[in-house]
Amino acid sequence: MQDAPSRGKLAFRTQGITKTYGAGEAAVHALRGVDLEVPSGELIVLLGASGSGKSTLLNILGGLDRASKGRAQFFEAELTEMSDAELTMYRRKHVGFVFQFYNLMPSLTAFENVELVTEIADNPLDPAEALSLVGLKERMDHFPAQLSGGEQQRVAIARTLAAAPEVVLYDEPLANLDPERRRGLRALIRRLAREHGTTLVYVTHDPAEALEIGDEIAVMEEGRIIERGAPEDVYARPTSLAGARALGPITVLHGTWDGETLQTPLGDVPATNLQAGPGPCRVVWRPESLRAGGVGPVEVVVDDVVARGPDWAFVARLDGHEIRGRSADRLEVGASVRVTPGAPAAVLAPEATLATRREEATA
Ligand code: ADP
Ligand code: MG
């Protein structure tokens, strides 16, 4: 195993990883062939609904679990070929975990909780320094029960920092915290990873969190990675309906692309992000590309309006389809409005659906 991994190399590389729990009728296919590359020093987010296989993948990368098939490498080392003892050594030497539950020892102070891991680490940080970095210098002598949830999670982060591992694996670490704390800790997690050159794999089901934390986002669905790219790309140029929906609300309408004009029920729109040949297609927009007002050819009926601050988000209906857009002014529920459509985020083949599972059943 490598002691001085450099930037630019792959910290992780998996090929065709599958994971099946149980057998026969009761078998659960948690991972169905995952190829993933994580360059050293990069912050990658695994985003997906509950049950999509995020934790299973994370645990295999961290040596807490084993793949059923496929290869997983940490730099040059083959995790899939390690003995249990080697996997344990790998975890101790190279990997830090932060889970949703803080797993602090209740009978130890914040300082002692952090100190505990520095005793078995190769190049540990001073526990007091690690606690200062997460803003808990003044609370070092407090016990977990005397700290808020956010503070306890900061102790858990300090504990991982102090061990100074090359990779830190986060599994929904902020899910139990209030929004304010979450924002602060996201920024902290990013900053510390950057400053220490740590490789981060961060699991979440929250698109806002994924967009904020990731250098790259891998969207998982049904045990597969269905989208992968920079946050702005997976948001603005998804390649599938499921991938589009994973990053936030979308509108999907049938359209026609004739090679020159992209016609939709809301009017002609620029043919951007075209992934379908000439003929019928499905057109996908983000809400900010559908503005209320203007001179569109049809009126839509407003179902719901929510204030966002700078503008309003509305949901409207058009022939049974949901239209999700933005409005500069407050709209009345039940009102009819015209919509000015902007550039689509994706123009997909007409048969594009959300149901991967159904495709498999017929495959
Ligand atoms: P996520 O973290 O995305 O919510 P998981 O990786 O935890 O998803 O789980 C993926 C699938 O594998 C789910 O259907 C889950 O029920 C199943 N699963 C996870 N762990 C086990 C296990 N130890 N035994 C049986 N099924 C499991
Ligand atoms: Mg999970």
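Only a predicted model underlies this, so the values are computations on that prediction, with no experimental measurement involved.

Basis of the calculations
- Residues numbered from 1 in each chain as written.
- Chains lettered and ligands numbered in written order.
- Predicted model: local features only at pLDDT ≥ 70, side-chain atom pairs only at ≥ 80, totals over all residues.
- Heavy atoms only, no water.
- pLDDT = per-residue confidence, 0-100.
- Contact = heavy atoms within 4.5 Å.
- Near = heavy atom within 4 Å.
- Polar contact = N/O pair within 3.5 Å; in protein donor to acceptor, adjacent residues only side chain to side chain.
- Areas by Shrake-Rupley, 256 points an atom, 1.4 Å probe, with all protein chains shown as cover.
- Helix = DSSP H or I, 4+ residues; strand = E, 2+ residues; numbered from the N terminus.
- Pairing = 2+ DSSP bridges.
- Axes fitted to C-alpha atoms, helices over the stretch in contact; angles between N-to-C directions.

## Remarks on the confidence of the model for the chain
With 95% of its residues at a pLDDT of 70 or more, the chain has an overall mean of 92. A low-confidence stretch, residues 1-5 stays under pLDDT 50, and its non-local contacts, those more than four residues away or across chains, total 13 contacts.

## A short note on the site of ligand 1
In the neighbourhood of ligand 1, the contacting residues comprise Y21, V28, A30, A49, S50, G51, S52, G53, K54, S55 and T56. In the model, an oxygen atom of ligand 1 is placed 2.9 Å from a nitrogen or oxygen of the K54 side chain. A distance of 2.5 Å is found between an oxygen atom of ligand 1 and a side-chain nitrogen or oxygen belonging to T56. Burial of ligand 1 by the protein amounts to 58% of the accessible area it has alone, namely 560 Å². Of all elements in the fold, only β2 (28-39) and α1 (54-61) reach the threshold of two or more residues within the shell around ligand 1. When residues of the shell around ligand 1 are assigned to their parent elements, the largest contribution, three residues, is made by α1.

## Observations regarding the sheet that holds strand β20 (residues 346-348)
Here we have five strands laid out as an open sheet, ordered β13-β12-β11-β14-β20, and antiparallel in their pairing. Every other strand in the sheet has two partners, leaving β13 (267-269) and β20 as the edge strands with one partner each. Adjacent strand axes in the sheet meet at a mean angle of 35 degrees, parallel and antiparallel pairs treated alike. In the sheet, strand β12 (residues 262-264) pairs with β13 via three bridges, with the strands oriented antiparallel. By the bridge assignment for β13, L262 is matched with V269.

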